[in-house]
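# Secondary and tertiary structure notes
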Amino acid sequence: MSETNDTASLDPRLRLKKIIKTSTIGIIANILLAAFKALAGLLAHSIAMTLDSVNNLTDAISSIVTLVGTSLAGRAPDKEHPLGHGRIEYLAQTIVAAIILYAGISSLVESVKKIIHPDTTNYSFLTFTVLIVAIIVKLILGTYTGRVGKAMNSGSLSASGKDAMFDAVISTSVLASAIINIVFGLNLEAYVGVAIAIIIIKSGIDTIREGMNEIIGIRISPEISQAVKKTICEDERVIGAYDLVLNNYGPELLVGSVHVEIDDRMTATEIDAMERDIAEKVYAKHHIIMTAVGIYAQNKKNPDVEHVRTIIKNLAEGHDGVIQIHGFFMDPVRKKMRFDLIIDFAIKDRDALYEHIYNDVQNEYPDYDLKITLDSDITD
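As a starting point, this report considers the structure included with it. Predicted, not measured: the structure shown is a model, and the values here were computed from it.

### Here we look at the overall build of the protein chain
Assigned secondary structure in the protein chain consists of 10 helices and six strands. Overall, the protein chain is about 90 × 45 × 35 Å in size when its C-alpha atoms are taken along their principal axes. Classification of the 380 residues of the protein chain by burial places 45% in the buried group. Of the contacts formed within the protein chain by residues at least 6 apart in sequence, a portion of 72% connects residues at least 24 apart. A total of about 19000 Å² of accessible surface is found on the protein chain, and carbon and sulfur atoms cover 63% of it.

Encoded structure:
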């Protein structure tokens, strides 16, 4: 996602058209490179070059998967999928990663076989021409695909762009091994093949991790969450914004909820107007749908309650690992006290710290029915 999710404001049809165009260019380029490299590799008996052609073929397949995945993800919402099909893109990204990973493992096996049973390599003018052209094409393709992937917020395209840049490095290493073979008589083909395989495998693992993280659910970037909270707090009626939850339903759709702290003297009509204003402003600025704006009422009628809130805030936040307390509520008549407590995930025993703080507050105010909610630091 971009810092403020600006790419999500693009026309979905324009986005799909741009991704289709970029993927199609990648498919054609990779198929042509794979064919020429395979021919040159077979003629030269070069395992490294042959594996490089296989890598280009997997790139073409990856682009096809990206194309299909993006097209499916762009389908309109339906009864079974009311929030759309955007997460299909993450599945497509994971499939691309699996293809890359398979190609890397297969390449590693073949390269090890060539180390055990080496073969004579015969380079030609065709070999060098194909490799030099491949390096140039892959550098251009990688830069272009990566730039479009970032602009269109497409993880699959970004992964393809990254892989294309890796391919340029791979072809350069094959070219270097060919030059070393001719000049010094050293045949490094199989070892270069191993290096190529390792690079491919690492790329596959990194890409599959990114895709799975999005499917499982990962913390939204601090830039986005902080920008959204800032937008909410720009409303003069809001004292503070807490418990922001942003759910990712695809690269172009974030759905969220938040609690805002307000003056308890506001009327229901004023609160309703404020909630609508917040939702409209967040959508207009960040293209994020706020499905709920919850309320924490800060007691402004009774200064004694504010004094107690300050005491408890200092008591709790004085402990290492406590990020903040919020949502403080105190009813002196019914003797009830409530607030949320956020403890850093880095604390090994969060429950023990929670119990310690609970006991401290209860001892300070033994007459109160105390409830402290151990909250999670979902967004920064």
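### Describing the sheet that holds strand 6 (residues 369-375)
What the three strands build is an open sheet, ordered 4-5-6; its pairing is mixed. Edge positions in the open sheet fall to strand 4 (322-331) and strand 6, since each of these has one partner strand only. Across the sheet, the axes of successive neighbouring strands diverge by a mean angle of 15 degrees, strand direction being ignored. Taken together, the seven bridges between strand 4 and strand 5 (residues 336-343) define a ladder with antiparallel strand orientation. Across the sheet, M330 pairs through a bridge with M337, a residue of strand 5.

### Regarding unusual backbone geometry
Positive phi values are uncommon outside glycine, yet H287 reaches one of about 55 degrees. If you trace the backbone, H287 turns up in the loop between helix 8 (268-286) and strand 3 (288-298). H287 gets classed as partly exposed once you look at its relative accessible area, which sits at 22%.

### As for the sheet that holds strand 3
Taken in spatial order, the three strands line up as 1-2-3 in an open sheet, and their pairing is mixed. One side of each edge strand has no neighbouring strand; the edge strands of this open sheet are strand 1 (240-248) and strand 3. For this sheet the average axis-to-axis angle between neighbouring strands, irrespective of direction, equals 15 degrees. Direction of pairing for strand 2 (residues 254-263) relative to strand 3: parallel, over a ladder of 10 bridges. Counterpart to S257 in the pairing with strand 3 is A292.

### Some points on helix 8
Within an α-helix, residues lying three or four positions from one another point in the same direction, as the helix has 3.6 residues per turn. A rise of 1.5 Å per residue sets the reference length of helix 8, with its 19 residues, at 27 Å; its end C-alpha atoms lie 27 Å apart and thus fit the reference within 8%. For helix 8, the complete set of buried residues consists of I271, M274, I278, V282 and H286. Along helix 8, the residues classed as buried sweep out an arc of 60 degrees about the axis, all on the same side. Across from the buried face of helix 8, at angles greater than 90 degrees, the exposed residues are T269, R276, E280 and A284. Buried residues along helix 8 sit in contact with helix 7 (222-233), strand 2 and strand 3. Positive phi shows up at H287, right after helix 8, with a value of about 55 degrees.

### A word on the packing of aromatic side chains
Counted according to the given criterion, the structure contains three aromatic pairs. Each ring, one from Y354 and one from Y358, has its centre 6.2 Å from the other, and the planes form 35 degrees; the classification is tilted. One end of the pair is Y354 and the other is Y358, both in helix 10 (residues 350-364) and four residues apart, which spans about a single turn. According to the relative accessible area criterion, Y354 is buried, its value standing at 16%.

### Digging into the packing of helix 7 against helix 8
Relative orientation of the contacting elements helix 7 and helix 8 amounts to 140 degrees, with a least axis distance of 10 Å. The angle between the axes of helix 7 and helix 8 places the two elements in the oblique class. Read as a crossing pair, helix 7 and helix 8 show a hand that is right-handed. Between helix 7 and helix 8, the residues in contact are A227, V228, T231 and I232 and I278, K281, V282, K285 and H286, respectively. Considering only residue class, the contact of helix 7 with helix 8 consists of five nonpolar, two polar and two charged.

### A look at a nonpolar patch on the surface
A cluster of nonpolar side chains, namely L91, I95, M212, I215 and I216, defines an oily patch on the protein surface of about 450 Å² accessible area. Contributions of two or more residues to the nonpolar patch are made by helix 3 (88-116) and helix 6 (189-216). Per-element accounting of the nonpolar patch gives the leading share, three residues, to helix 6. Summarising the element assignment, M212 is placed in helix 6.

### Re a positive patch on the surface
Together, K17, K18, K21 and R147 give the surface a local cluster of positive charge. Looking at which element gives the most residues to the positive patch, the answer is helix 1 (residues 12-44), with three residues. If you trace the backbone, K17 turns up in helix 1. Overall, K17 belongs to the exposed group, its relative accessible area being 62%.

### Brief notes about empty space enclosed by the protein
Counted according to the given criterion, the structure contains one cavity of 30 Å³ or more. In this structure, the largest cavity occupies an estimated 120 Å³ of space. Among the elements of the structure, helix 1, helix 2 (47-73), helix 3, helix 4 (125-151) and helix 5 (155-184) are those that each provide at least two residues to the lining of the largest cavity. Taken together, the residues of the lining of the largest cavity sort by class into five nonpolar, eight polar and three charged.

### Let's talk about the pattern of salt bridges
Counted under the stated rule, the structure contains 14 salt bridges. Where D206 meets K202, a salt bridge forms, and the shortest distance between an N and an O atom there is 2.8 Å. Of this pair, D206 and K202 both sit in helix 6, four residues apart, which is roughly one turn of the helix. Judged by its relative accessible area of 23%, D206 falls in the partly exposed class. The salt bridge involving D235 is made with R237; its shortest N-O contact spans 2.7 Å.

The rules behind these values
Residues numbered from 1 in each chain as written. Predicted model: local features only at pLDDT ≥ 70, side-chain atom pairs only at ≥ 80, totals over all residues. Heavy atoms only, no water. Helix = DSSP H or I, 4+ residues; strand = E, 2+ residues; numbered from the N terminus. Buried < 20%, exposed > 50% of the residue type's maximum accessible area, 1.4 Å probe, protein only. Contact = heavy atoms within 4.5 Å. Areas by Shrake-Rupley, 256 points an atom, 1.4 Å probe, with all protein chains shown as cover. Pairing = 2+ DSSP bridges. Axes fitted to C-alpha atoms, helices over the stretch in contact; angles between N-to-C directions. Expected span 1.5 Å × (residues − 1). Arc of directions from axis to C-beta. Phe/Tyr/Trp six-rings, centres within 6.5 Å; stacked < 30°, edge-to-face > 60°. Parallel < 35°, antiparallel > 145°, perpendicular 65-115°, else oblique. Left-handed = near helix turned anticlockwise from the far one by under 90°. Nonpolar A, V, L, I, M, F, W, Y, C, P; charged D, E, K, R; others polar. Patch = residues over 30% accessible without salt bridge, like charges linked within 9 Å, V, L, I, M, F, W, Y side chains within 5 Å. Salt bridge = Lys/Arg side-chain N within 4 Å of Asp/Glu carboxyl O. Lys, Arg positive; Asp, Glu negative; His and termini not counted. Charge placed at Lys NZ, Arg CZ, Asp CG, Glu CD. 1 Å grid on protein atoms, 1.4 Å probe; cavity = no way out; pocket = protein on both sides within 12 Å on 5 of 7 lines; lining within 4 Å. Points joined across faces, edges and corners; volume = space filled by probe spheres on them.

Interpretation in functional terms is not warranted from these geometric data alone.
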